[in-house]
Amino acid sequence: MLLGQDTFRRLCQARELLAEVREQPLSIRDVARRTGISPFHFIRQFEALFGVTPHQFRIQSRLDQAKLLLAKGHHSVTEVCMEVGMSSLGSFSDLFWRRVGTTPSAYQRSARVMVQVPGILPPKLFPGCLSLMGMLPRAAFRNFREARPL
Amino acid sequence: MRIRLSSIMVDDQDKALKFYTEVLGFQKKHEIPMGQYKWLTVISPEGPEEVELSLEPNVNPAGKTFQAAMFSQNIPMTAFEVTDIQEDYMRLKSHGVVFTSEPVEAGPVKIVVFSDTCGNLIQLYQPL
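Since we're looking at a predicted model, the values are computed, not measured.

1. Some remarks on the overall build of chain B
Phase 1 of the analysis: From N to C terminus, chain B includes three helices and eight strands.
Phase 2 of the analysis: Put simply, chain B runs from its N terminus to its C terminus through helices and strands in the order β-α-β-β-β-α-β-α-β-β-β.
Phase 3 of the analysis: Relative to its length of 128 residues, chain B is compact, with a C-alpha radius of gyration of 15 Å against a globular reference of 14 Å.
Phase 4 of the analysis: Dimensions of chain B along its principal axes, counting C-alpha atoms only, are 45 × 35 × 30 Å.
Phase 5 of the analysis: For chain B, the proportion of its 128 residues judged to be buried stands at 30%.
Phase 6 of the analysis: In chain B, once contacts between residues fewer than 6 apart in sequence are set aside, the share between residues at least 24 apart is 49%.

Below, the structure written as structure tokens:
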């Protein structure tokens, strides 16, 4: 699929709209209308560009925000639920469990660290594979060790 | 000092592995569980085998902001060299890959940019 610059820009704007937390969330149809693309083409082009549907993107965006707030540890699970624009604690917990594989409160406990450093994110939010090389088995580096200089 | 490893941030490692192997045609080299994420690398079947690309989970909010901004500004995160850019352009388009332009000449190379569906724009280039 070849996207023109204007359509590309509109879809990027739509992604920002979908990530916004509002008291009255925009429907997917509203977002499509605001970006000037028919709902059918909007959903199809958005998924082709970003790898997820607009609806899936919004859910993932809310969960990402929830994980950040939970990991920082300054909000209760109920407050986090409201902060990310969800009105039902039951629906929020169920969604979180299905997508993250744990409950919001268990996630918050697992992200809690003994020492909170202002301005530094909890380790849960920066897996940093490259910085965790020390945990890899030796086989992961065999490729590099056995490589002859070019 | 050698360059044997490079990395790119992806929003979903499983989705990325599928795209980078089944669509782009790279091969999985390592998939080692590390907590809820994994050490995941791919190599090109055209070599060199010892050069790996790590598909890193983009979890850090700062990384997400950076990645989204680069994407919106139409700036590729990395570039892969190809032998026949027109052929790869047609092949990837047939897989539903989204391009932001057709292949164009830019000085000593011909380039084209596509979305990897994992939050990045990638540039292909063919030296002329």
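So much for the structure itself; the text now carries on.
2. Focus on the interface of chain B and chain A
Phase 1 of the analysis: Across the contact, 31 residues belong to chain B and 25 residues belong to chain A.
Phase 2 of the analysis: Elements represented by at least two residues in the side of chain B that touches chain A include exactly strand E2 (27–34), strand E3 (37–43), strand E4 (52–57) and helix H2 (61–72) of chain B.

3. Here's the deal with the nonpolar core
Phase 1 of the analysis: Counting residues in each nonpolar core, the largest one holds 20 residues, and the members touching the most others are Leu11, Ala14, Phe46 and Leu49 of chain A together with Val112 and Phe114 of chain B.
Phase 2 of the analysis: Elements supplying a minimum of two residues to this core: helix H1 (5–19), helix H2 (28–35) and helix H3 (39–50) of chain A together with helix H3 (85–94), strand E7 (109–115) and strand E8 (121–127) of chain B.
Phase 3 of the analysis: Every residue in contact with leucine 11 of chain A, bar those within four places of it in the chain, is listed here: Thr35, Gln45, Phe46 and Leu49 of chain A.
Phase 4 of the analysis: Counting residues in each nonpolar core, the second largest holds 13 residues, with Ile8, Leu17, Tyr20 and Cys118 of chain B among its members.

4. What to know about the sheet that holds E4 of chain B
Working definition: the strands of a sheet are paired by backbone hydrogen bonds and lie parallel or antiparallel to each other.
All names here are of chain B.
Phase 1 of the analysis: Pairing is mixed across the open sheet formed by four strands, whose spatial order is E1-E4-E3-E2. The outermost strands of the open sheet, each flanked by one partner alone, are strand E1 (5–10) and E2. This sheet shows a mean twist of 25° between the axes of neighbouring strands, independent of strand direction.
Phase 2 of the analysis: Looking at chain direction, E2 and E3 are connected through seven bridges and run antiparallel. Bridge pairing in E3 links isoleucine 32 to tryptophan 39.
Phase 3 of the analysis: Along the sheet face, helix H1 (residues 13–23) touches E1, E2, E3 and E4 and points at about 10° away from the line of E3.

5. Quick notes on unusual backbone geometry
Leaving glycine aside, a negative phi is the common case for residues, and trans is the common case for peptide bonds.
Residue and element names in this part refer to chain B.
Phase 1 of the analysis: With an omega of -5°, the peptide bond between glycine 47 and proline 48 qualifies as cis.
Phase 2 of the analysis: Of note, proline 48 is situated in the loop between E3 and E4.
Phase 3 of the analysis: At asparagine 74, a position not held by glycine, the phi torsion is positive, near 60°.
Phase 4 of the analysis: Residue asparagine 74 is classed as partly exposed on the basis of its 14 C-beta neighbours within 10 Å.
Phase 5 of the analysis: Phi angles above zero are rare outside glycine, and threonine 117 is one such case at about 65°.
Phase 6 of the analysis: Positionally, threonine 117 belongs in the loop between E7 and E8.

6. Some words on the confidence of the model for chain A
As a note on interpretation, predicted positions should not be read in detail where pLDDT is low.
Phase 1 of the analysis: Counting all residues, the mean pLDDT for chain A is 84, and 83% of those residues have values of 70 or more.
Phase 2 of the analysis: When mean pLDDT is compared element by element in chain A, H3 of chain A scores highest at 95, while helix H8 (residues 139–146) of chain A scores lowest at 70.

Conventions used here
- Residues numbered from 1 in each chain as written.
- Chains lettered and ligands numbered in written order.
- Predicted model: local features only at pLDDT ≥ 70, side-chain atom pairs only at ≥ 80, totals over all residues.
- Helix = DSSP H or I, 4+ residues; strand = E, 2+ residues; numbered from the N terminus.
- Rg over C-alpha atoms; globule rule 2.2 N^0.38 Å.
- Buried ≥ 20, exposed ≤ 12 C-beta atoms within 10 Å, placed from the backbone.
- Contact = placed C-beta atoms within 7 Å.
- Core = buried A, V, L, I, M, F, W, Y, C linked by C-beta atoms within 7 Å.
- Pairing = 2+ DSSP bridges.
- Axes fitted to C-alpha atoms, helices over the stretch in contact; angles between N-to-C directions.
- pLDDT = per-residue confidence, 0-100.

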